[in-house]
Each structure stands twice: as C-alpha cells, then as structure tokens.
Amino acid sequence: MFTTETLQKFAREVAKYPAGQQRSAVMACLALAQEEKGWLAPETIEAVAKYLELPPIAALEVATFYNMYDLKPVGKYKLTVCTNLPCALSGGYHAARYVQDKLGIAFGETTADGKFTLIEGECMGACGDAPVMLVNNRRMCGAMTPEQIDKLLEECK
Ligand code: FES
C-alpha cells in the first residue's frame, strides 16, 4: 500500500513516542499517507490504522476531524479560505466570494482542469493577518485583498 520511503517515515514518527504509544503518530502518518497518495481514500486510512494497530474508526475520526486531510481527490492547489470571525470581520467573506468568482467554483469544488480546489477553513491562528488563505496546507497567505488573490492565482498557473 505504501512505498518503502513512506513506511520509513511512518517508523520515524512512531519512534518519537514511548513503546506501545504508536497511536500518537496517527496525525503524522495520515499526513504522510496523504502526501504519497494525494488524498486519503478509505482503504488508505484503514492501512494507516492497521500500521499503527488502531481500530480503523480511530484513524477515520482523526481524518474526518481536521480539514487538512482530504477525503476525496483535490486539485493541484488546494486553497483554504478562513471565514472564522476575525477573518470574516476583516474581509474573509469578500476574499472567499472573490476567489469563488475568479475560479468559478464553490467551497468543496475543484476546477474542471483539476488545478484548484477551494475549501472553507477554520481559524489558522493568524487572525492578525486577516483575511487568511492557506495553499496546500502549508503556505500561509495573509491580507488577501483581491490584488493579492490575483497575484497568488497567477503564481499557481
Ligand atoms: S480567524 Fe482567520 S486566521 Fe484566525
């Protein structure tokens, strides 16, 4: 199911915890599994659970709780727009509407060319930089005015 390289990374994560506490590595292993597969299919989540000797439901609970895990295929660029209160009060909804109009998709959708997926996100702890967007779960972009959004979309082309 997983490459040798991913299995080695799983082992490194598990080694960070005391013996018998491998379940603590579930978030990291799900992230690594997603990195390899592109998204987390039910069988991928089950394989992570099996590796960590967890009931599959325990891994599924984690995978469905955090929106950094993708439970269906996503585009090359996953754009997560924060619409929680501080961002909402500072232009988050306008940013969301603007990027939806630009891409022609709603939250939870992927553009026809498979390039962009748009996700509505929760607070990313960067409220001071509102409105905030996250690219592929890793790159945080703040003060997302229409001009900044245009620049970001252009970079992603
Ligand atoms: S509310 Fe958007 S980053 Fe905190």
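Thoughts on the domain arrangement of the protein
Domain boundaries in the protein define domain 1 (4–65) and domain 2 (77–156). A C-alpha centroid distance of 28 Å is found between domain 1 and domain 2.

A word on the pairing of strand β1 (residues 77–82)
Among the 6 residues that make up β1, 6 are buried, leaving the element largely enclosed by the rest of the structure. Side chains Y77, L79 and V81 of β1 all project onto a buried face; the interleaved residues K78, T80 and C82 project onto the opposite face, where all are buried too. When β1 meets strand β2 (residues 116–121), the two strands line up parallel, connected through 6 bridges. Residue pairing across strands places K78 opposite T117, the latter belonging to β2. By the bridge criterion, 3 bridges tie β1 to strand β3 (residues 133–135) in an arrangement that is antiparallel. By the bridge assignment for β3, V81 is matched with M133.

Here we look at the nonpolar core
Counting 20 residues, the largest nonpolar core has F10, V26, L30, L40, V48 and L52 as the members making the most contacts within it. Going through the elements one at a time, α2 (26–37), α3 (42–51) and α4 (56–65) are the ones with two or more residues in this core. Of all the elements, α2 adds the most residues to this core, at 5 residues. Counting residues in hydrophobic clusters, the runner-up holds 18 residues, among them Y77, V81, A95 and F116.

Calculation criteria
Residues numbered from 1 in each chain as written. Predicted model: local features only at pLDDT ≥ 70, side-chain atom pairs only at ≥ 80, totals over all residues. Heavy atoms only, no water. Domains from an automatic or database assignment. Buried < 20%, exposed > 50% of the residue type's maximum accessible area, 1.4 Å probe, protein only. Helix = DSSP H or I, 4+ residues; strand = E, 2+ residues; numbered from the N terminus. Pairing = 2+ DSSP bridges. Core = buried A, V, L, I, M, F, W, Y, C linked by side-chain atoms within 4.5 Å.

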